[in-house]
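Working through the structure, step by step
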Amino acid sequence: MKALIPAAGLGTRFLPATKSQPKEMLLVVDRPAIQYVVEEGLASAADEVVIINSREKKSIEDHFSPDPALVALLRERGKDAYADAVEKVGGYNVSYVYQEEALGLGHAVRCAAEKTGDEPFYVLLGDVLVPDNKMLPAMQAVSDAHGGASVIAVMPVPDDQVSRFGVIAGQAVAADVWKVDSLVEKPALEDAPSNLAVFGRYLLSPRVMELLADVEPGVGGEIQLTDALDAVLREEEMYALIVDPADGFDTGTVESWLETNNELYRRAHA
Ligand code: G1P
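For the structure given in this document, a descriptive report is provided here. Just so it is clear, the structure is predicted and the values come from calculations on it, not from any experiment.

A full pass over the atoms with the stated rule returns 19 salt bridges. Ionic pairing is found between Glu100 and Arg55, a salt bridge with its closest N-O pair at 2.6 Å. With Glu100 in the loop between strand 5 (94–98) and helix 5 (105–110) and Arg55 in the loop between strand 4 (48–53) and helix 2 (58–63), the pair connects residues that are 45 residues apart, well separated along the chain. When its relative accessible area of 56% is taken as the criterion, Glu100 is described as exposed.

This is the structure:
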């Protein structure tokens, strides 16, 4: 099973810091943000992480490439802990596909169609870090309990935030699980069917990948993953796992990135 990480965005909110350095490579405590996301995928059922990259962001690929010369130098100097860390990150099973044009999240995911084939797959959005790696296994358990259905993570958001997210309609089938009836991307508050917002972790059936090929541009003129999820509901069941906002750490804005750094540093040194 593959875990897809879309990473071709421009990182506009972090300019000028992201003028020559990818947003995904910004440091969070002791490693680039995207390393947490790769490690989360590999700690779950994924045997390979596929980064959907842009051609301009080679430093992401350099980070996950082996560097035997650096490892040897570090060992020679007795810096084994650093050598181990470099060796580990160069050994992760990461591959790349390219999104040649920024046409939206749905388009980015579709760029990995040849990688996922006819298997279910994860999508992990890099703006949120889940360092305890527990969310994808919890989603997999919900899927297993419902015949292998697609499962998306959602979280309750305040009214003034709903228009920033994909939002679900459906009914509760357990304390923290909803059966999804429909989804809408970035609705106005009065059109939002609930306050449960799509959170950035998805376990999706191969049919979603097929349907993405036909999704027309939606909100913002972009090909939306949310629209393919809504379309697949005509054919398949989908469930939403309600996650605690405290389980994920937002790095999507300078302010939240700073707060995440502080919080994860505090935890690491508690
Ligand atoms: C994307 C998705 C949206 C989801 C959000 C979570 O939006 O399109 O459905 O709720 O991620 O972060 P974006 O933040 O890329 O605009």
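Turning our attention to the site of the ligand. Neighbouring the ligand are Leu105, Leu125, Phe165, Gly166, Glu185, Lys186, Val198, Tyr202, Gln224 and Thr226. Lys186 is positioned with one of its side-chain polar atoms (N or O) 2.7 Å from an oxygen atom of the ligand. Within the side chain of Thr226, one N or O atom sits 3.2 Å away from an oxygen atom of the ligand. For the ligand, the accessible surface in isolation is 380 Å², of which the surrounding protein chains cover 74%. Residue composition of the shell around the ligand, by class: 5 nonpolar, 3 polar and 2 charged.

The final tally for this structure, using the stated rule, is 2 aromatic pairs. A centroid spacing of 6.5 Å and a plane angle of 85° characterise the contact between Phe14 and Trp257, whose relative ring orientation is edge-to-face. Of this pair, Phe14 sits in the loop between strand 1 (2–6) and strand 2 (27–28) while Trp257 sits in helix 10 (residues 254–268), placing them 243 residues apart in sequence. Ring centres of Phe64 and Tyr92 lie 6.5 Å apart, and the angle between their planes is 45°; on these two criteria the pair is classed as tilted. Note that Phe64 is positioned in the loop between helix 2 and helix 3 (68–76) and Tyr92 in the loop between helix 4 (80–90) and strand 5, a separation of 28 residues in sequence. Comparing Phe64 with Tyr92 shows no difference in burial state: the two are buried. Of note, Arg55 hangs over the ring of Tyr98, and the distance from its end group to the ring centre comes to 4.0 Å.

Cis peptide bonds are those with omega within 30 degrees of zero, and the linkage from Leu15 to Pro16 qualifies with 5°. Positive phi, normally seen in glycine, also occurs at Asn133, with a value near 60°. Inspection of the secondary structure assignment puts Asn133 in the loop between strand 7 (128–129) and helix 7 (135–145). Phi is positive for Lys186, which is not a glycine, with a value near 45°. Its place among the elements puts Lys186 in the loop between strand 10 (177–185) and strand 11 (196–204). Here Lys186 falls in the partly exposed class, since its relative accessible area comes to 39%.

Reading the values: rules and limits
- Residues numbered from 1 in each chain as written.
- Predicted model: local features only at pLDDT ≥ 70, side-chain atom pairs only at ≥ 80, totals over all residues.
- Heavy atoms only, no water.
- Salt bridge = Lys/Arg side-chain N within 4 Å of Asp/Glu carboxyl O.
- Helix = DSSP H or I, 4+ residues; strand = E, 2+ residues; numbered from the N terminus.
- Buried < 20%, exposed > 50% of the residue type's maximum accessible area, 1.4 Å probe, protein only.
- Near = heavy atom within 4 Å.
- Polar contact = N/O pair within 3.5 Å; in protein donor to acceptor, adjacent residues only side chain to side chain.
- Areas by Shrake-Rupley, 256 points an atom, 1.4 Å probe, with all protein chains shown as cover.
- Nonpolar A, V, L, I, M, F, W, Y, C, P; charged D, E, K, R; others polar.
- Phe/Tyr/Trp six-rings, centres within 6.5 Å; stacked < 30°, edge-to-face > 60°.
- Lys NZ or Arg CZ within 6 Å of the ring centre and 35° of its normal.

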